[in-house]
Each structure stands twice: as C-alpha cells, then as structure tokens.
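# Close look at the chain arrangement
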Amino acid sequence: MTLDADVTSLIVDTDGPSDTRLTLGRTFREHVSLFNGLASDPPAIPSSVTCVETLGYLLEGSGRATYRFSSSIDGAYVSANPRTSFLAADGRGFGLVADKGISPFTFGAAGDGSTDDSDAVETFLGYISENNVGLADASGHFAVSRALFFGDGVASPSTKSVQGEMQLSATPGSSGQAILTIRKWDGGYWESLRVTGTGSVSTFSTRTWQTGLALDGAGRIKFERIHCALFSYAGIARIGGNVTGCHFGEVRAYDCGPGARGASANFGISAAWSVRVDSGSSGSLAQRTTISVDTLPPEFVSDGVWGAVGDAPYLVRINDSGGEPRLYFIYGIDRGSSTLTIFPWIDPSLTSGTLDYVYGGGLFIHGSDNNVIGFDMIDAMRCGVALSCGSPYGPVGRRLISQVCGIAVSVGRHPAGAALGTHVDGLYCENNIHDIVSVSMSTSDGVYAWFGSEYALNLAKCATVAAPRLSSGEFSSRFMGLRGFTIAYRGSFLVGEKAPHNSVSSTHLVEIARPDQRLVLKKDSHELNLSLDKDVHRLMGYDSLELIYLGSGPSQEPTGTITINAPSGYELDDGSVTRHYSSMSGVLRVLVWVDVKEQIVTLIKLSG
C-alpha cells in the first residue's frame, strides 16, 4: 500500500501536540480508510506524519478514531493489542489516542445484535479502564459469548463516565457467571445498561447465565437505567468487594432467579427431603435441622465468591403438617452427603416432604459492609426476590413493583444479624408468593424497616424467618412478627413494637419512645426494665407511658408478682429503684412519668 502522488492532506494540529495528521481514505483506495485492513496491508505513511485518523473500523463512519506514533509500539505490542494499534510499512507503531467518542465500534464491533462482539466489547472495556477517555460511548446492541469485565487488572477504572445505552445479549449456547462485572469503580456514572441472558420465561433450566450485572467493590456509582432478563441467579448482584453508596435509577428485572410460576405458586427448583436430625435447644437462635435432599441448589449458592452461605438469604420453603408454608434459612450445604442445615427446626411431626429453593432475584445486594444503596424504581416480574436487602444498613428507594415473584422484598442477611434502615416509599405487590419477609430477627434492635404508600400489600403473605421453634412445635413468640417494621396499610401505618399474642420474654426492656404510649402484656409474673433516651426526650418531649397487665385471675388480674425497674441512673418516686406489685384485685394499670432533670420516675397505680 502506498500513498498516491496527489496526497496533500497533511494537517498540522495546532490545538494539541505538534503532530502532522493524515486522514486515511481521502486519497487512498476506499478499503484503506478502515482500520480493519491496516494489519494485513500496512500503509506507507510519510515519516513526517505522526498522527493518523481513520474513517472507521469495519465501516466508514463507524469507529472513526485517531492513532499517534509512539516509539514504544513495536510488533510485539501490536500482536498483544491488535485492535488499538498497528504498524506502518516502515515499521513505525501507531496507537489509539484516548479521546472522546471512544466506543465498542472503535475496536471493531458490528453492533447488530447477532455477530459475536465479545472481542470488541472486551477491548473497549479494558481500554476505558486503563485510560481516561473523558466520556465513553457505550451505545449499541452487542452479542457476547463470554463474561466481560470493566476494571479488571487495574486499581480503579480511569474513565468515570459512560454514556448511551449498552445492550449486551448472550449468544445461544454460551454460559457463565455474569455477563458484565464491574470492579473497584468509585464515583462512576453509567447512563444505561440492558443485559439479556439465555433461555425462556417458562423453562427455568434453560437459563445458562447466572447474573446480568455483578458488582465487585463498587462505590458511589450512579446508574440511570438497568434492565436485566433471563438469568438463573440475579439481575444485579454484589460479589466479592463491598458495594456502598451506589444509586440505581430505574431497575427492571424480569425472570431473574427462581420466581413464582403463575397460579401454581411454585419456585423454579424443588427437592424431596428426608432423614432429619435436630440440634440446638428450644427457643434458641442456634437451633438447626439437618436434612437429606435429592436435589441440591446450584453450585453458586455456596460459592464463596458469590456470597457465602450464612451471609445472604438462601431460603427453602416447606409446608408444615397443616399445609401452611414456612420459610427456612440455609446455614450450610454439604454437597458430598447431599444435606442441608437449616434454621429453625422443621415441624416436629414431619420426617420427610418437599421443598422449594428461594434465592437470587432482581436487585440482590448482600454482605457485611454493603450499605446505603438507593434506587428510584425497581420493576420486577417472575424473580426469586424482587429486592433482597442483606446489608447492615439497608437500601432507600422510591418505588418497588413486584409481580409474580417469590418474595417482593426480603430484609436481613441471616436470622442472627441486624438490618437497619430499609426504606421504600411506594410498594406495589401482585401475585407474589410472599410480599415482605424479615430474614433477621424481629426485635426492635435487630431490624428497622419502613414501607409507605402501600397499594396492594397482602399481610397474609408477610412473614419472618428468624423465629426459633419451641419443643412443643410452636414458634417462639418473642421473635415472631415484624417488630421494628412500619408498614402503610389501608390508609394507616402499622408499627411493629412488640412480639404478637401479648407475649414477651420473662424480662422485658421498654423504652419510652413515642407519645401516648401504651403497653399491654398478658403475664401473671413479669420483670420490666424501663429505659429512656435523653435525646428523644430533649427533642420530642416523650416522658410517659401506660402499662397494662392482664393475668389469669378471675378478674383478669395477674396472679404472681409484677416488677418494674427504674432506668439506669434514675430512682423511683419513693427513693428505690424497684417496685413490686402483687395480690392484685383486677387488671393492673400503672402510669409511668419520668422527670429527666431530677432523674426521678413516678409510678401511679391506676387500678389493680
């Protein structure tokens, strides 16, 4: 390939480095204008020309880019980087200039949604990871056949802004963990991402890709739009490093994880179980049941890279002897012996049965320090869990739409863990198997969650996983219910403040934390410890509550002794720190009033 004699289009770049630029294709044969032909037919570029512009990579106008001479680019470099560099006829090496307009087309993508563009997209992601191109353009529909990584091999991707909608579609027959993994990207912005796996809506087993977008050590990233469909595990999932302070604008997740299947209300993967072995004690969070199963969950459920068991809510659903479905947490999987270790104990009258596996879903962020995730909207259909909140400090979002999912929203990492601050302004639920599920223990210091603007919540589909069983087969009422949850329901707010059935443990801590507070307990004997947050009193003025005790006596009086202890550092109005009530004639009613300045608690017996 040689320059024609009439080539005069040599341009001096006066705005940047003193490079002499040559635009290929102005006087060359047409095919020479494309980067695609430079490796097989090196151009004869005058030695005075140090900067070359192509008119495209595969087609004119698609992938136009600038390449600059560099003495460090030789044949070995070009062999290792064939999509970003080339050699001229005289052996000089030219490399791609990090500039605006860099896109997958710069590296030879066809972008037609059917040609395998894995090499081009991989090179694009690697290039903008290593080089700050300012504003990268990811627009286009790219078919891919292998896992892709943004930020692989670098401390943190250099380019911080990716514009346009990148559509990645897995090619038929391909498989893998995640189509796209973003690693260690801090403070980045990605406009729009659409990721589609393989298989069908109706046949779960045909989905050969596990996850659409995996986040590994991502902090404070903003996504405007993410659409994921047809994955066996999750649309968006955290793996490896922590994910903190990220904001997901519009998330649409369809057919991600084993969700409900129409009217049959079954999950995607079921198993038969038998040979149960119980351990632990009655009413304890340490109790376990080990069962043998004929079908284990997928490998990634217990893979440490994808979230260790006990660090994310992998659940099983088993019907009790009365046919009522219950959720159990998987604490261990032994693939050698085909056994699961779950919490709590299974119904003691059962020795075998069937179960459904529940895992993955739409937005699935878990781990010890994956906190303060935000979203504008999640629209999930036929997913395992639409929104799975498994972090100490939960996500905050505006709208969550969950239709035909296994669970609309789960809160908590594991039964003994805490999950604080999950907040969803608008919650719409339709045809889910479960609407709200508390995975962490439902105590006031274990879970705080708020769900407002309720549209179609079904309280019968709300449940907790964290209540252990008693030896009688009943669940411990201390952990039952959704204590710590505030839920909009039929025009009012339901506030979970204590365990159900008017039943609490033998010793109970009560904090004066709202106006007109009234606590009703059904106990013959009980010890109650009062508590007061000085800052709540200082800011809100809360300083009183009414205690009502009902017992088993003929006039509903407690038959034993009720003991009330002053808060730490306070005295009761008679100078003591403890008061006992016994020999009551009816329902015991006691008004509690706290003088914070004098640190004195006044107890006034109203009846009993």
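Look a little higher up for the structure.
My aim in this report is to walk through the structure given alongside it, one point at a time. Predicted, not measured: the structure shown is a model, and the values here were computed from it.

What follows covers the overall build of the protein chain. Helix and strand counts for the protein chain come out as three helices and 43 strands. The proportion of buried residues among the 608 residues of the protein chain is 52%. Relative to all contacts within the protein chain whose residues are 6 or more apart in sequence, the contacts with residues 24 or more apart total 67%. Only carbon and sulfur atoms are counted for the fraction: they give 49% of the accessible area of the protein chain, which is about 24400 Å².

This part covers the pattern of salt bridges. Counted by the stated rule, this structure contains 24 salt bridges. With its nearest N and O atoms 3.9 Å apart, the salt bridge here joins Arg-64 to Glu-53. On the criterion of sequence distance, the pair formed by Arg-64 in the loop between β3 (51-53) and β4 (66-69) and Glu-53 in strand β3 is long-range, its members being eleven residues apart. Taking the relative accessible area as the measure of exposure, Glu-53 reaches 19% and is therefore buried. Arg-579 serves as the salt-bridge partner of Asp-574, at 3.3 Å between the closest nitrogen and oxygen. A relative accessible area of 16% means that Arg-579 is categorised as buried.

Another aspect to go through is the pairing of strand β18 (residues 270-279). Where β18 meets strand β23 (residues 352-358), five bridges bridge the pair, whose relative direction is antiparallel. Bridging from a neighbouring strand, Trp-273 pairs with Gly-353 of β23. Where β18 lies against strand β19 (residues 288-293), five bridges are found, and the strand directions are antiparallel. Looking across to β19, one finds that Trp-273 is bridged to Val-293.

So, about the sheet that holds strand β32 (residues 463-464). Spatial strand order, β10-β12-β14-β16-β24-β26-β28-β30-β32: nine strands in an open sheet with parallel pairing. Edge positions in the open sheet fall to β10 (148-150) and β32, since each of these has one partner strand only. Summarising the sheet, strand β28 (residues 407-411) and strand β30 (residues 434-438) pair through four bridges and their orientation is parallel. Paired with Ser-410 across the two strands is Val-437, which belongs to β30. Here helix α2 (residues 118-130) sits on the sheet and contacts β10 and β12 (176-183); the angle it forms with β10, its principal contact strand, is near 15°.

With that settled, consider the sheet that holds strand β36 (residues 517-522). An order of β36-β38-β42-β43-β40 is seen for the five strands of this open sheet, with the pairing classed as mixed. At either end of the open sheet lies a strand with only one pairing partner, and these are β36 and β40 (571-572).

A cluster of nonpolar side chains, contributed by Leu-591, Ile-604 and Leu-606, occupies part of the molecular surface with about 230 Å² of accessible area. Relative to the assigned elements, Leu-606 resides in strand β43 (residues 600-607). Judged by relative accessible area, Leu-606 falls into the partly exposed class, the value being 42%.

Our focus in this paragraph is unusual backbone geometry. The omega torsion of the bond from Phe-343 to Pro-344 falls at -5°, within 30 degrees of zero and hence cis. Here Pro-344 shows up in the loop between β22 (339-343) and β23. With a phi close to 55°, Arg-382 is a non-glycine residue in the positive phi region. Positive phi is not limited to glycine here, since Ser-583 has a value of about 50°. Here Ser-583 is to be found in the loop between β41 (578-581) and β42 (588-595). A relative accessible area of 74% means that Ser-583 is categorised as exposed.

The subject of this paragraph is the side chain of Asp-216. Considering the arrangement of structural elements, one finds Asp-216 in strand β14 (residues 209-216). Residue contacts for Asp-216: discarding those within four places in its chain leaves Thr-181, Ile-182, Arg-183, Lys-184, Ile-239, Gly-240 and Gly-241.

So, about the nonpolar core. Ranked by internal contacts, the top residues of the largest apolar core, which has 84 residues, are Leu-168, Leu-180, Ile-182, Trp-190, Phe-248, Ile-436 and Phe-451. No other element matches the six residues that α2 contributes to this core. Filtering out sequence-adjacent residues up to four positions away, Ile-436 remains in contact with Val-409, Leu-427, Phe-451, Leu-457, Lys-461, Cys-462, Ala-463, Leu-482, Phe-485 and Ile-487. With 24 residues, the next largest nonpolar core counts Ile-512, Leu-521, Leu-545 and Met-584 among its residues.

Parameters at a glance
- Residues numbered from 1 in each chain as written.
- Predicted model: local features only at pLDDT ≥ 70, side-chain atom pairs only at ≥ 80, totals over all residues.
- Heavy atoms only, no water.
- Helix = DSSP H or I, 4+ residues; strand = E, 2+ residues; numbered from the N terminus.
- Buried < 20%, exposed > 50% of the residue type's maximum accessible area, 1.4 Å probe, protein only.
- Contact = heavy atoms within 4.5 Å.
- Areas by Shrake-Rupley, 256 points an atom, 1.4 Å probe, with all protein chains shown as cover.
- Salt bridge = Lys/Arg side-chain N within 4 Å of Asp/Glu carboxyl O.
- Pairing = 2+ DSSP bridges.
- Axes fitted to C-alpha atoms, helices over the stretch in contact; angles between N-to-C directions.
- Patch = residues over 30% accessible without salt bridge, like charges linked within 9 Å, V, L, I, M, F, W, Y side chains within 5 Å.
- Core = buried A, V, L, I, M, F, W, Y, C linked by side-chain atoms within 4.5 Å.

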